[in-house]
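# Structural overview
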Amino acid sequence: MRGKINHIGVVRGNQVNIALAAVVGFLVVDMATRTATSMAYVGGAFVAAAVLIGPEAPVGGVTGLVIHDAFHGAIGYWTGVTTAWVLVFTLVVMWLTNGLSNSPKRQALKPIHRLAPAYTGITLIGGINATAFAAWLTMVLGAQRFYTAVIGFLPGVIAAVGLCMFGLVAVDVTERVGRQVGRTETRGHPLFESEAPGRNRDAGPTDTMAVGVFAIGTGWLLGVSALDVFVHDLGLYPTASEFSAFVTGFLGSGSPIATVVTTILLGVYKYGELAVILSAPVALTAMLGWCTYHEQVLSSTAHGVGIIRGGASDD
Amino acid sequence: MTENQPESDDGVPSRRQFLTALGGTALAAAAYGYGTDSGRSAAAGSATPSSTHPASGDHIDALTAIASAVYPSDVSVERSFIESRVFGRVEPEPDHFEKLVAAIEAVDNHARARFGGRVTDLSAGRRRQVLQSMGVTTVHPAADGTTAEQVRFYVVNDLLYALFTSPVGGELLGVDNPPGHPGGREAYQRGPGGGER
């Protein structure tokens, strides 16, 4: 019974925090619109607040954003896409942070000079994946090209990293000052300190998983951006036959290499847009597959490398 | 009756008919204001407004505001110019004006959502930021593309077309006779080298 009451108290506390964050979020969004500040910076601030304060901050922040746009009668694709960007960013950061705060590595990361690079990496991984997803969503909703949306969101990732670092350093300085003046009790941080000691939380991602997610996300973001720019420029040729005539005139048609390159470029012309649209399902499947089967992949790779180095295996 | 008619019966117009026709033509030309466009201000000029465009006054105001961000800074835009040159011309394609109005509304909505006011309430610099944040400045125009590409196609291209087919735009380019504007009476009175004939 007492556990149930405690649970209700925690839920109510979260609701109050989210409501407060929504009010703050509304005000911040309103100030940003009046000063023509990009919403990517505001979103980055919400994500940094997730690291420094807790996940209620971005949830409340995007609630404030939606209320702001609804209040001004200006709900549009930008509302949904920015909300998705902040939430995905926060989810990835929390997922990766969970891996830090539930392992012995947390103690090793206690000094700020180790904590700051770790959180820079975490925020970058979250930002890259969230930006790729939000850009894809923007394109699917028919609002912008993938690469223009990426250009719009990337400053927010930099803002999130910068604000996060600033906040971590500020917390560290506060703790040091507190110790200097004799206050031994400093309040633990929800994301980079264990929130409830002894509580059995889910095991977070391993370093290998994080590296894989970073690699897949970076490939998704940069590869699809480059492909989208290329496909966009190919659109200057109204028809495939005109483009084919240009490529043939440029490369010639005699050599087999020219034929192969022409075929590939024509394929990009015809199916490039489709490839950009399919990039998200492919990338998400790759991430899911990596997180599920990375151990098997790595062990089989190590086994293969061992065979190559050591000759034929015994079995 | 036939004796009182001054005209000849062989189908050749009489002197009175000829003078009447000439006077009517001169009056029509004067009323049309042929060759009277001049100055650096993009004013209404000579186009006759179309009576069937879907744009309201707000749309024309918004497009005028966007034009101030798209046009060079030394060109001042007047509402009448936009009304006559953009919405007053013959519709290039069916539903072109409807899509232009939709693109204007997209820009205006984005300005209200992310810049705190209608595009008419913002400064020229902020209006440029609105177009940049929509991705309009980095895409190619496409009639059936994304919202940004449609804004580029319908709004930006129409504004540039209106400017550069007007005498002011022609002056900016150093072209007296841009396509769509024959250059006025003065252009025909100059010799090939620019001097008086």
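Above this text you will find the structure in question.
What you are looking at is a predicted structure, and each value in this text was computed from that prediction instead of being measured.

### Focus on the overall build of chain A
Each helix and strand in chain A was counted, giving ten helices and zero strands. Residue burial in chain A is summarised as follows: out of 315 residues, 41% are buried. Here the analysis covers contacts within chain A between residues at least 6 apart in sequence; of these, 78% occur between residues at least 24 apart. For chain A, the accessible surface area stands at approximately 16,900 Å², while carbon and sulfur atoms represent 68% of it.

### Examining a nonpolar patch on the surface
Residue and element names in this part refer to chain A. Taken together, the side chains of Phe 246, Phe 250, Leu 251, Ile 257 and Val 261 make up a nonpolar region of the molecular surface, amounting to roughly 510 Å² of accessible area. Only helix 9 (240-251) and helix 10 (256-310) provide two or more residues apiece to the nonpolar patch. By residue number, the principal contributor to the nonpolar patch is helix 9, which donates three residues. With respect to the helices and strands, the residue Leu 251 is situated in helix 9.

### So, helix 4 (residues 96-115) of chain B
Residue and element names in this part refer to chain B. Here helix 4 spans 28 Å end to end across 20 residues, near enough to the 28 Å set by a 1.5 Å rise per residue. Taken across its 20 residues, helix 4 has 14 buried, putting it largely inside the fold. Positive backbone phi, approximately 75°, marks Gly 116, located one or two places after helix 4.

### Some remarks on the interface of chain B and chain A
Of the residues lining the interface, 19 residues belong to chain B; the matching set on chain A comes to 24 residues. Regarding the contact of chain B and chain A, the summed buried area is about 1,700 Å², with carbon and sulfur atoms giving 52% of it. For the pair chain B and chain A, the interface holds two salt bridges. Put simply, Glu149(B) and Arg145(A) hold a salt bridge, and the shortest N to O gap is 3.3 Å. Seen at the junction of chain B and chain A, the total is twelve residue pairs in polar contact (both at pLDDT 80 or more). At the level of secondary structure, the elements contributing two or more residues to the side of chain B that touches chain A comprise helix 4, helix 5 (124-133) and helix 6 (147-164) of chain B. Per-element tally for the side of chain B that touches chain A: the top contributor is helix 4 of chain B, with six residues. Residues that form the side of chain B that touches chain A fall into these classes: five nonpolar, ten polar and four charged.

### Description of the nonpolar core
Grouped together as the largest cluster of nonpolar side chains are 56 residues, with contacts concentrated most on Trp85(A), Phe89(A), Phe146(A) and Trp220(A). Going through the elements one at a time, helix 1 (2-34), helix 2 (39-52), helix 3 (56-71), helix 4 (77-101), helix 6 (112-140), helix 7 (146-180), helix 8 (207-234) and helix 10 of chain A are the ones with two or more residues in this core. If you tally residues by element for this core, the top one is helix 6 of chain A, at 14 residues. Apart from residues no more than four positions distant in its own chain, Trp85(A) is found in contact with Ala40(A), Gly43(A), Gly44(A), Gly127(A), Ala130(A), Thr131(A), Ala134(A), Phe153(A), Gly156(A) and Val157(A). Grouped together as the second largest cluster of nonpolar side chains are 41 residues, Tyr71(B), Ala111(B), Ala148(B) and Val168(B) included.

### Comments concerning a negative patch on the surface
A surface patch of like charges, here negative, comprises Glu91(B), Glu93(B), Asp95(B) and Glu98(B). Take Glu93(B): it is sitting in the loop between helix 3 (79-85) and helix 4.

### Some remarks on the packing of helix 4 of chain B against helix 5 of chain B
Each pair of packed helices gets described by two things: the angle between the helix axes and the distance between those axes. Residue and element names in this part refer to chain B. Their axes nearest at 10 Å, the elements helix 4 and helix 5 cross at an angle of 105°. By the angle between their axes, helix 4 is roughly perpendicular relative to helix 5. Each of Val 107, His 110, Ala 111 and Phe 115 in helix 4 lies in contact with helix 5, whose residues at this interface are Arg 126, Gln 129, Val 130, Leu 131 and Ser 133.

### Quick notes on the pattern of salt bridges
Enumeration according to the criterion identifies ten salt bridges over all chains in this entry. One salt bridge in this structure joins Arg34(A) and Asp30(A), with 2.9 Å as the shortest N-O distance. Placement of the pair is Arg34(A) and Asp30(A) together in helix 1, with a separation of four residues, close to one helical turn. Asp30(A) gets classed as buried once you look at its relative accessible area, which sits at 15%. We note a salt bridge from Arg118(B) to Asp108(B), for which the minimum N-O separation is 2.8 Å. Linking Arg118(B) in the loop between helix 4 and helix 5 with Asp108(B) in helix 4, this pair joins segments that are ten residues apart in sequence.

### A few points about the environment of Gly61(A)
Residues and elements named next belong to chain A. Examined against the element boundaries, Gly 61 turns out to sit in helix 3. When its relative accessible area of 0% is taken as the criterion, Gly 61 is described as buried. C-alpha separation for the pair Gly 61 and Ala 143, spaced 82 residues apart in sequence, amounts to 23 Å. Beyond its immediate sequence surroundings of up to four residues, Gly 61 is in contact with Ala 21, Gly 25 and Phe 46.

Calculation notes
- Position numbers for residues count from 1 along each chain, tracking the sequence in the order it is written.
- Here every chain gets a letter starting at A, and every ligand a number starting at 1, in the order they are written.
- This being a predicted model, a pLDDT of at least 70 is required before a residue's local features are given, and a value of 80 or more before pairs of side-chain atoms are given or counted; all residues contribute to the totals for chains, interfaces and linings.
- Calculated side-chain values reflect all of the structure's heavy atoms, with hydrogen atoms and water omitted.
- Secondary structure elements are defined from DSSP: runs of H or I of at least 4 residues count as helices, runs of E of at least 2 residues count as strands, and each element is numbered from the N terminus.
- Partly exposed residues are those whose accessible area sits between 20% and 50% of the maximum for their type, while under 20% is buried and over 50% is exposed, using a 1.4 Å probe and protein chains only.
- Throughout, a contact is declared for two residues whenever any of their heavy atoms are within 4.5 Å.
- For the area figures, the Shrake-Rupley method with a 1.4 Å probe applies, and any residue is considered shielded solely by the protein chains shown.
- By definition, no residue in a patch forms a salt bridge, and every one has over 30% relative accessible area; like charges are joined within 9 Å, nonpolar side chains (Val, Leu, Ile, Met, Phe, Trp, Tyr) within 5 Å.
- For this analysis, a salt bridge means a side-chain nitrogen from Lys or Arg found within 4 Å of a carboxyl oxygen belonging to Asp or Glu.
- For a helix, the expected span equals 1.5 Å multiplied by the number of residues minus one.
- When two components associate, each loses some accessible surface as probed by a 1.4 Å sphere; the sum of these losses over both components is called the buried area.
- Each polar contact in these results corresponds to two N or O atoms within 3.5 Å; when the atoms are within protein, one needs to be able to donate a hydrogen and the other to accept it, and residues that are neighboring in sequence are counted only if both atoms are side-chain atoms.
- Lys, Arg, Asp and Glu make up the charged group, whereas Ala, Val, Leu, Ile, Met, Phe, Trp, Tyr, Cys and Pro make up the nonpolar group; the residues left over, Gly among them, are polar.
- Definition of nonpolar core: a set of buried residues of the types Ala, Val, Leu, Ile, Met, Phe, Trp, Tyr and Cys, connected through side-chain atoms within 4.5 Å.
- In this tally, Asp and Glu contribute negative charge and Lys and Arg positive charge; neither His nor the terminal groups of the chain are included.
- Throughout, a charge is located at the NZ atom of Lys, the CZ atom of Arg, the CG atom of Asp or the CD atom of Glu.
- Only the contacting stretch of a helix is used when fitting its axis, a line to C-alpha atoms as for every element, and angles between N-to-C directions run 0 to 180 degrees.
- Every angle not falling under 35 degrees, over 145, or within 65 to 115 is termed oblique; those three ranges are roughly parallel, roughly antiparallel and roughly perpendicular.

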